[in-house]
Amino acid sequence: MPGKYLFAGVLLFATAVLAILAPKSAVNVDEQLHYPHAKNVVNWYFTGGEDQSALNTPQTNLKYYGQSIDNFTALVNRIFNFEDEFLVRHYTGAFFFLLLLLFTGLLSKDITGSWTAAAVTIMALLFMPRLAGQAFGNLKDIPFAAGYMAGLLMIVRLLKEFPQVKWKTALLLGVAIAFTVSVRAGGFILFAYLGLSFLLYFVLKPFYLIEIVSTKPVFVRLMGQAAVIVVVGYFTGLLFWPYALQNVLVHPLESLQVMEHYKVSIRQIFEGDLMWSTQLPWYYLPKWLIISTPLFVLIGFVIFLALLFRESLGSRRNNRQLLLEGFVLFAFVFPFLYVIAIDSNLYSGIRQMLFILPPMALLAVWGTYKLVHFLISKNRIAGYAVAFSFLILLLIPAKHQAATFPVDYVYFNSLAGGNKKAWGNYEYDYYYHSIKEAFDFLNNHAGGNEITVAMNCNLSNYFDNQQGMNYTYTRFLERSSAEWDYGLFGLNYMEPGLLKSDRWKPADEIKTFYHKGNPVAVLVKRSDNSDFYGISEIKNGNLQKGIALLENALERQKNNIWLYVNMARAQLDLGNEEEFFYYLNEGKKVHSSYEPLLLLEASYYFRKEEDGKANEILDRLLEVNPRYLPAQQLYKDVRKRIEKVS
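The numbers attached to residues start from 1 for each chain and follow its sequence in the written order. Restriction of local features to residues with pLDDT of at least 70 applies here, the model being predicted, together with a cutoff of 80 or more for giving and counting side-chain atom pairs; totals for whole chains, interfaces and linings are based on all residues. Hydrogens and water molecules were not included; the side-chain quantities draw on all heavy atoms of the structure.

Draft legend 1. Representation of the overall build of the chain within the structure. The numbering of helices and of strands both runs from the N terminus, where a helix is a DSSP run of H or I of at least 4 residues and a strand a run of E of at least 2. Scanning the chain from N- to C-terminus turns up 28 helices and seven strands. Only the C-alpha atoms count toward the radius of gyration. The rule for a globule is 2.2 Å times the residue count to the power 0.38. Over its C-alpha trace the chain gives a radius of gyration of 28 Å, about what one expects of a compact globule, namely 26 Å for 646 residues. Each principal axis of the C-alpha atoms in the chain carries an extent, and together these give about 90 × 60 × 60 Å. Working rule for contacts: check all heavy atoms of both residues, and any pair within 4.5 Å makes them a contact. In the chain, of all internal contacts separated by at least 6 residues, the share reaching a separation of at least 24 is 71%. Total accessible area computed for the chain in this model is approximately 28,000 Å², and 59% of it derives from carbon and sulfur atoms. Of the charged side chains in the chain, 58 are positive and 53 negative; the average position of the first set lies 12 Å away from that of the second. Each accessible area is a Shrake-Rupley result for a 1.4 Å probe, and residues are judged covered by the shown protein chains and nothing else. Note on charges: Lys and Arg go in the positive column, Asp and Glu in the negative column, and His and the chain ends are not counted at all. Think of each charge as sitting on NZ of Lys, CZ of Arg, CG of Asp or CD of Glu.

Written out as structure tokens, the structure is:
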């Protein structure tokens, strides 16, 4: 069975690649959010519930996550006290990605009957950068996808065995659902899939329902198996989830509702505009799916749909096979349409919906496989030529992955114009993987000196066990308000016009780091602290002294928008209107829609009681950023005074 050997060989290849790459992978910003919470979860168990920090997460809402794999790594690190905690996490992520490959491959074999198709399905997932590129640090979406595919696999096997379902199959399905629920409450969807699949089964074969109900031993066994699936699938999935255990019947479903309409809004670049995730258009997910999925999968999926439609109308249609293929198709289509229909708060591209990519890839391979076999039966040479073309399409993303690791998850296909054209138009390295290369460079460059490094992300883990290197957080554009020696900044979540120009570039740049020709991170060495001291003096009320220091800083840092903001603010407080407008306008040359600048301008007109002008500027500001709280308060004051006068 050469197909089976190919399947095993591809899995072994994937295992070797994952084992080699795991120690070289980057820590992402979500890890620094979820892993500390995982430690709190573990401590909740170790303290017998006395430590309530895992249940008190008003800002992050992390209590609503099961995140069992994050919790597992925290438990392992606590017990064995591994020095590199994130390496444990990344090997764990690699393991669950391998399980994702295995379960998807086995499901492909069950659907297609071909080990070769199953092997190609594994390759399609392995060479899908948006999926494989998150194999190591994303311990929520990748394990959830693995559980999701395990659940689909066991449902398909249960349907194939029905009505003589094995107890092993029922128990494994319950375990698969439990695991998926333990990662995210969205795993409950597998219960609905199971019920719906049987509903369709009985619609296609109504006589089976009568036979089962009338045959007592079969009916009793099936009811017992259903009870096992429900009990194991629901309650076992809550064992490592403190918030769910507080009320096992209410809190899991409450968490599901929270996940469907997540309240946290994140600014994203989409189609060349910077907007909050709660403002994104309905087609955000479809657009991202089209531009970030390899062409092999997109084309193969379209072929599958065409063949499915043709076969469903054919006189020799196989209802059982159509049911199985339709079930996998539904597992892709339903979540896709559901999140659009309920207007879920999506962000960071396709990341939150990674679990629908494996069913899509499986069906794409199956469609391609059937087409190639049909063509070979008609014309062997033409069939092999088409097969070779599809193989090239399959392998194209591998070149991107090899060249860009560990930032390989940032991938745009040719429909988006590739990565080059996507930069500045779509959110890029939102996980800050590029910081790893930049930090490694800094670590060699610094030479062991005592330094403070400023970063605009929470990846303080890079400074663990680093002698003489200290971490401080600051926003990139506001970097002058912090005291640091080196600045290491990712170029993310910034206004697209600023990104596409050279105006984002800071003075004293040591090195800019590129990804497919696009700048993704920059390393800066501070030559003097006049900008920091100048801003500090202004904050302390020493305006003239602060202005003198900032004038000196601006001679070198002509693109530093934050210095113009502070100079304009100081001049406004001194009543120097001419100087105020000079720095205001100079700042606008760098970043015309920068919120603090527009707020200062509106504040000037408000002080002058020119409320109409202030209102006009605030309208523009709130159009740029409707969630900018200082502008919202000033807008209320302006409107209140306008209404009072009228």
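Draft legend 2. Highlighting the sheet that holds strand β3 (residues 451–455). Any two strands are treated as partners once DSSP identifies two or more bridges connecting them. Judged by pairing direction, the sheet is mixed, and its five strands sit side by side in the order β4-β3-β5-β7-β6 without closing on themselves. A single partner strand is all that each edge strand has here, and the edge strands are β4 (469–473) and β6 (509–515). The sheet shows a mean angle of 20 degrees between the axes of neighbouring strands, direction not considered. Examined bridge by bridge, β3 and β4 share five bridges and lie parallel to one another. Across the sheet, the residue bridging to Val-453 is Tyr-471, located in β4. Its contacts with the sheet put helix α20 (residues 435–446) on β3, β4, β5 (486–490), β6 and β7 (518–525), and the angle it makes with β5 is roughly 165 degrees. Note on definitions: angles span 0 to 180 degrees between N-to-C directions of axes, and those axes are lines fitted to C-alpha atoms, for helices only across the stretch in contact.

Draft legend 3. Spotlight on the environment of Asp-573. Mapped onto the elements, Asp-573 comes out in helix α24 (residues 561–574). Relative accessibility decides the category of a residue: with a 1.4 Å probe and only protein chains considered, values under 20% of the type maximum give buried, values over 50% give exposed, and everything between is partly exposed. Taking the relative accessible area as the measure of exposure, Asp-573 reaches 43% and is therefore partly exposed. It is 16 Å that separates the C-alpha atoms of Asp-573 and Glu-609, two residues lying 36 residues apart in sequence. Not counting chain neighbours up to four residues away, the residues in contact with Asp-573 comprise Leu-543 and Arg-607.

Draft legend 4. Region of interest: the pattern of salt bridges. Take a side-chain nitrogen of Lys or Arg and a carboxyl oxygen of Asp or Glu: if they are within 4 Å of each other, that pair is a salt bridge. Applying the stated criterion to the full structure yields 23 salt bridges. One continuous salt-bridge network, built from bridges that share partners, spans Asp-30, Lys-140, Asp-141, Arg-184 and Arg-351.

Draft legend 5. Just the pairing of β5, in detail. Judged by how many residues are buried, β5 sits mostly within the fold: five of five residues are covered. Where β3 lies against β5, three bridges are found, and the strand directions are parallel. Across the sheet, the residue bridging to Val-453 is Tyr-486, located in β5. Note: β5 against β7, five bridges, orientation antiparallel. Paired with Tyr-486 across the two strands is Lys-525, which belongs to β7.

Draft legend 6. Just unusual backbone geometry, in detail. Following Phe-162, the chain continues into Pro-163 via a peptide bond in cis, with omega recorded as 5 degrees. The omega torsion across Phe-405 and Pro-406 is 10 degrees, close enough to zero to call that bond cis.

Draft legend 7. Spatial organisation of the pairing of β6. Across six bridges, the pairing between β6 and β7 is antiparallel. Directly across from Tyr-514, in β7, lies its bridge partner Pro-519. The antiparallel pairing of β6 with β7 creates a hairpin that spans two residues between the two strands, and Lys-516 there sits at a positive phi of about 55 degrees.

Draft legend 8. Structural view of the side chain of Thr-293. Tracing the sequence through the fold places Thr-293 in the loop between α14 (284–292) and α15 (295–313). Looking at Thr-293, the relative accessible area reads 3%, which means it is buried. The residues contacting Thr-293, other than those within four sequence positions of it, are Trp-288, Leu-298, Leu-357, Tyr-411 and Asn-413.

Draft legend 9. Structural context of the environment of Ser-460. Within the fold, Ser-460 resides in the loop between β3 and β4. Each residue touching Ser-460, except ones within four places of it in the same chain, is listed here: Gln-32 and Tyr-471.

Draft legend 10. Examining the packing of helix α22 (residues 530–539) against helix α23 (residues 543–554) more closely. Their axes nearest at 7 Å, the elements α22 and α23 cross at an angle of 160 degrees. By the angle class used here, α22 and α23 are roughly antiparallel. Both α22 and α23 take part in a crossing whose hand is left-handed. Contact with α22, carried on its side by Ser-530, Asp-531, Tyr-533, Gly-534, Ile-535, Glu-537 and Ile-538, involves Leu-543, Lys-545, Gly-546, Ile-547, Leu-549, Leu-550, Asn-552 and Ala-553 of α23 and no other residues of that element. Amino acids are sorted into nonpolar (Ala, Val, Leu, Ile, Met, Phe, Trp, Tyr, Cys and Pro), charged (Asp, Glu, Lys and Arg) and polar (every other residue, Gly among them). Among the residues making up the contact of α22 with α23, the classes are represented as eight nonpolar, four polar and three charged. Angle categories: roughly parallel below 35 degrees, roughly antiparallel above 145, roughly perpendicular from 65 to 115, and oblique for all the rest. Note: crossing handedness is left-handed where the near helix turns anticlockwise from the far helix by less than a right angle, and right-handed where it turns clockwise.

That is the geometry; function is a separate question.
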